[in-house]
Amino acid sequence: MKIFGLRSSYIGSLKIKKKQCSYCETNVQQNIIEYGRYFHVFLIPIFPMGRRTFGECDYCKKTSKKSEFDFELKKIYYENELKLRRPWWHWFGLIFIILVVVFFILTNLF
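Residues numbered from 1 in each chain as written. Predicted model: local features only at pLDDT ≥ 70, side-chain atom pairs only at ≥ 80, totals over all residues. Heavy atoms only, no water.

Participant: Explain the nonpolar core to me, please; I cannot follow it from the model alone.
Facilitator: One finds Ile11, Leu14, Ile16, Ile32, Phe69, Leu73, Ile76, Tyr77 and Leu84 forming the largest nonpolar core, which totals nine residues. Broken down by secondary-structure element, the contributors of at least two residues to this core are β1 (4-20) and α1 (71-79). For Ile16, the residues in contact, after removing those within four places along its chain, are Val28, Gln29, Gln30, Ile32, Leu73 and Ile76. (Core = buried A, V, L, I, M, F, W, Y, C linked by side-chain atoms within 4.5 Å. Buried < 20%, exposed > 50% of the residue type's maximum accessible area, 1.4 Å probe, protein only. Helix = DSSP H or I, 4+ residues; strand = E, 2+ residues; numbered from the N terminus. Contact = heavy atoms within 4.5 Å.)

Structure, rendered in structure tokens:
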């Protein structure tokens, strides 16, 4: 069992209808999928470490990284980026540590 490390979890996806695939050049639905990475200790997420974003064509299943997106796909992604929010539990360990420290500070003051 790993004591600490990095893990990823699914954040969400955007479905873009009738966008031409840069690989197979068909007008089909494109998907933008985002995963969030976080640092964990004993499988408890402590804090986020970044995101991984991919685009996928529904027809040919070709995937591409965000750095390989064409201008139109990047524009659509940045316009809808707020829909892909990181879940609160990626910060769970850090929130817990802060609450414990505040609790001990307050109990020692009184």
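Participant: Even after reading the chapter, I still don't get unusual backbone geometry, so can you show me in this structure?
Facilitator: In most cases, non-glycine residues show a negative phi, while peptide bonds are predominantly trans. Backbone geometry at Glu25 places phi at a positive 60°, although glycine is not the residue there. Counting through the fold element by element, Glu25 comes out in the loop between β1 and β2 (27-41). The phi torsion at Phe42 lies on the positive side, around 50°, for a residue other than glycine. Structurally, Phe42 can be placed in the loop between β2 and β3 (44-57).

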